[in-house]
Amino acid sequence: MDFWIAFWKICFVVVLALFAVLAVFVTIGGYRDIRELFQTMEE
Amino acid sequence: MNEHTAEILSQTNFSSIDWVIVLLYLSISVVIGLFVRKFVVNMTDYIGAGRALGTCLGIATMTGTEMGLVTVMYSSQKGFTGGFAAFHIALVAGIVTFLVGASGFIVAKLRESEVLTIPEYYEKRFDRKTRVLGGIMLALGGILNMGLFLKVGSIFIVGVTGLSAQGWALPLVMTLLLVLVLIYTTLGGMFSVVVTDYIQFVVLSAGMLVATYVAIQVIGWDHLFETIVAAKGQAGFDPFVSEGAFGLEYVLWMAFTAGLVSCAIWPTAVARALAAKDAKTVKKQYMWSSISFMIRFLIPNFLGIAAFVLITTKSPELNALFFPTDGSAPLDNLYAMPIFLGRIIPTGIIGLISAAMIAAFMSTHDSYLLAWSSVLTQDVIAPLRRNGMTGAERIKCTRILIVVIGLYILYWGLFYKGNDDIWDYMAVTGAIYFTGSFAVLLGGLYWKRASSTGAFLALLSGIFAVVGLGPVQALLGIQISGERVGLLTVAFSLFVMVLGSLLFPDNSYAMSEARREALNDKAQMQEV
């Protein structure tokens, strides 16, 4: 059981950190994509 | 429900300020939808011109759609009942999605075949009768699958706002939500555009991370693990322990459903792959989205576990409601996570999270109602009519079906009496479609000798999956786990596909006739 407790602790922290980084990356990149999208459509 | 219980359930941080936030958020979504509407035609041109959405926006819209309220609810229920062992669902979903992206298994080949829907592929590769049966099985599995969406979404609203004190609250919220969803969808689904999906992604991502942080602060990291050890023992952590909520068969079933089916066979996910710029883009998007596919199970699982710990160790009055010792009926454990959020998340933030959840709920319903009604129109009714259907007839038929399906989910949510966890119910009902579809896609894409008779029989064999539902088993007087029924149906569909193809191979004349018919129909569709 100790293996599984350690495994899920590491898994949870790693995935959460990955998601936090992805969320920031996608939020900034997505904003840039939307601006580009609207500029293209305006043109 | 007595006054004492009503008093317990109405304790929430959700205040009138939060109601204002919810109304404001939904109103702003509508305004953005109206503003973006003038660009929608251009946007279609923009994407159609071969310039697909950027990767970031692609991931945001994929996550915004996939991380809906229903997903959060059924995943938290799994955490509540299964403990940390439920994390295996997130892990296998992420790993399988990544592997599908890396290898291009099914999705890249499907993209190369240049079809826009899976039933269209059935006709292109096999024949028209396979397309019609594929459409029927897809709609049957899909509509049954979303049968409890309305109830689950309403339970969240009722639980988080403290309305659960009144017995009339759930049916009333269900009816109001259905009316909202039908208006939203029949307006043309115009709000489900990339901008609102992007906003949903930002608010929901931040909200989920904040909720996780607050949950750890309130309950304590070590206390979470200690409580699950005491309450569930080894079964609360090891998913392979068959005495727990899962077991080896369940893990395999999850690798297939939460992993392969969710990303490579389920129509709403495949639609994105089929609309992508090329097969290379599909692979890239799937590899990145594997993190989102993991997190959409993992955080709600965690919130369900946190709700279990709060209820069993810090709130004796809630513990008495969810785990009564006096023989009375326990409160539906779907209420656990929303009640938990209502108690720990501060006023204001809970309103913002709820608003984003409701917006995601509307967006999911919109996509699904349109998906199943258009499958019935385009792949079942239109091909069966001798003179085809005009564009106006197709739109009218789709709108009528949207209302009919909406009324069905209201009825089903109020009267279905199964005791299965929502996720298990969804896996079994979805299996009516995806077990046969997996065999047909695998055979069609990777085996030259796959025949239309084999495909037809494989699709038909998916119907055996209904045996996995509790009420059906009660009717038949048998007891088999849903995952075992699902895995056996997958194996049976594959067997039937191979046997049917070997015993009844396609003759080349019949196939060329069928393909010519398909091409004629496609030309007619383009004219419409």
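Residues numbered from 1 in each chain as written. Chains lettered and ligands numbered in written order. Predicted model: local features only at pLDDT ≥ 70, side-chain atom pairs only at ≥ 80, totals over all residues.

**Focus: the overall build of chain A**
Here is the rule: A run of H or I in DSSP becomes a helix once it reaches four residues, and a run of E becomes a strand once it reaches two; helices and strands are each numbered from the N terminus. Exposure in this text rests on C-beta crowding, where 20 or more other C-beta atoms within 10 Å of a residue's own make it buried, 12 or fewer make it exposed, and counts in between make it partly exposed. The C-beta atoms are placed from the backbone.
Looking only at helices and strands, chain A has 1 helix and 0 strands in total. Looking at chain A as a whole, 21% of its 43 residues are labelled buried.

**A short note on the overall build of chain B**
Each helix and strand counted, chain B has 24 helices and 0 strands in total. Within chain B, the fraction of its 528 residues that count as buried is 54%.

**Section: the environment of Thr313 of chain B**
All names here are of chain B. By secondary structure assignment, the location of Thr313 is in helix H15 (residues 279-313). Given 16 C-beta atoms within a 10 Å radius, Thr313 is considered partly exposed. Measuring from C-alpha to C-alpha, the distance between Thr313 and Leu224 comes to 10.0 Å, with 89 residues separating the pair along the chain.

**Notes on the packing of helix H4 (residues 69-82) of chain B against helix H9 (residues 149-161) of chain B**
Helices that pack against each other are described as a pair by the angle of their axes relative to one another and the distance between those axes. All names here are of chain B. Formally: In this description, a line fitted to the C-alpha atoms serves as the axis of each element, helices being fitted only across the stretch in contact, and the angle between N-to-C directions of two axes falls anywhere from 0 to 180 degrees. Every angle not falling under 35 degrees, over 145, or within 65 to 115 is termed oblique; those three ranges are roughly parallel, roughly antiparallel and roughly perpendicular. By the criterion used throughout, residues are in contact when their C-beta atoms, derived from the backbone, lie within 7 Å. Under the scheme applied here, ten amino acids are nonpolar (Ala, Val, Leu, Ile, Met, Phe, Trp, Tyr, Cys and Pro), four are charged (Asp, Glu, Lys and Arg), and all others, including Gly, are polar.
Put simply, H4 and H9 touch, their axes get as near as 9 Å, and they point 80 degrees apart. In this view, H4 runs roughly perpendicular relative to H9, as classed from their interaxial angle. Seen from H4, the contacting residues are Leu69, Val70, Met73 and Tyr74; seen from H9, they are Phe149, Val152, Gly153 and Phe156. Residue composition of the contact of H4 with H9, grouped by class: 7 nonpolar, 1 polar and no charged.

**Comments concerning the nonpolar core**
A general feature of soluble globular proteins is that nonpolar side chains tend to end up buried together. The condition that has to hold: Note on definitions: a nonpolar core is a set of buried residues drawn from Ala, Val, Leu, Ile, Met, Phe, Trp, Tyr and Cys, linked by C-beta atoms within 7 Å.
Counting 170 residues, the largest nonpolar core has Met73, Val107, Met294, Ala306 and Ala307 of chain B as the members making the most contacts within it. Looking at this core element by element, the count peaks at 19 residues for H15 of chain B. What Met294 of chain B contacts, discounting residues up to four positions off in sequence, is Val15 of chain A together with Ala90, Leu91, Ala93 and Gly94 of chain B.

**A word on the environment of Leu23 of chain B**
With respect to the helices and strands, the residue Leu23 of chain B is situated in helix H2 (residues 16-48). When the C-alpha positions of Leu23 of chain B and Ala355 of chain B are compared, they lie 7.7 Å apart, and in sequence the two are 332 residues distant.

**Side note on the packing of helix H7 (residues 118-125) of chain B against helix H8 (residues 128-145) of chain B**
All names here are of chain B. Condition: If you view the pair so one helix is near and one far, a crossing is left-handed when the near helix is turned anticlockwise from the far one by less than a right angle, and right-handed when it is turned clockwise.
Contact geometry for H7 and H8: axes closest at 7 Å, N-to-C directions at 160 degrees. In terms of axis orientation, H7 runs roughly antiparallel to H8. As for the relative orientation of H7 and H8, their crossing is right-handed in sense. On the side of H7, the interface is formed by Ile118, Pro119, Tyr122 and Glu123, while H8 contributes Arg128, Thr130, Arg131, Gly134, Gly135 and Leu138. When grouped by side-chain class, the residues that make up the contact of H7 with H8 number 4 nonpolar, 3 polar and 3 charged.

**A short note on helix H13 (residues 248-264) of chain B**
Residues and elements named next belong to chain B. Spelled out, the test is: The span you would expect from a helix comes to 1.5 Å times its residue count less one. To get the bend at any residue, fit one axis to the seven residues that end at it and another to the seven that begin at it, then take the angle between the two axes.
Given a rise of 1.5 Å per residue, 17 residues ought to cover 24 Å, and the 23 Å separating the end C-alpha atoms of H13 matches this to within 8%. Taken as a whole, H13 carries its principal kink of about 25 degrees at Met254. A large share of H13 lies buried, amounting to 12 of its 17 residues. When H13 is considered as a whole, its buried residues turn out to be Tyr250, Trp253, Met254, Phe256, Thr257, Ala258, Gly259, Leu260, Val261, Ser262, Cys263 and Ala264.

**Some words on unusual backbone geometry**
Unlike most non-glycine residues, Ile106 of chain B shows phi in positive territory, near 65 degrees. With respect to the element layout, Ile106 of chain B can be found in the loop between helix H5 (87-103) and helix H6 (107-112).

**Digging into helix H20 (residues 422-446) of chain B**
Along its 25 residues, H20 of chain B runs 34 Å from first to last C-alpha, staying within 8% of the 36 Å computed at 1.5 Å per residue. Its maximal kink placed at Ala431 of chain B, H20 of chain B deviates by approximately 55 degrees.

**Points about the environment of Tyr335 of chain B**
Residues and elements named next belong to chain B. In this fold, Tyr335 is placed in the loop between helix H16 (316-322) and helix H17 (336-344). Owing to 23 C-beta atoms within 10 Å, Tyr335 belongs among the buried residues under this scheme. Separated by 28 residues in the primary sequence, Tyr335 and Ala307 place their C-alpha atoms 9.8 Å from one another.

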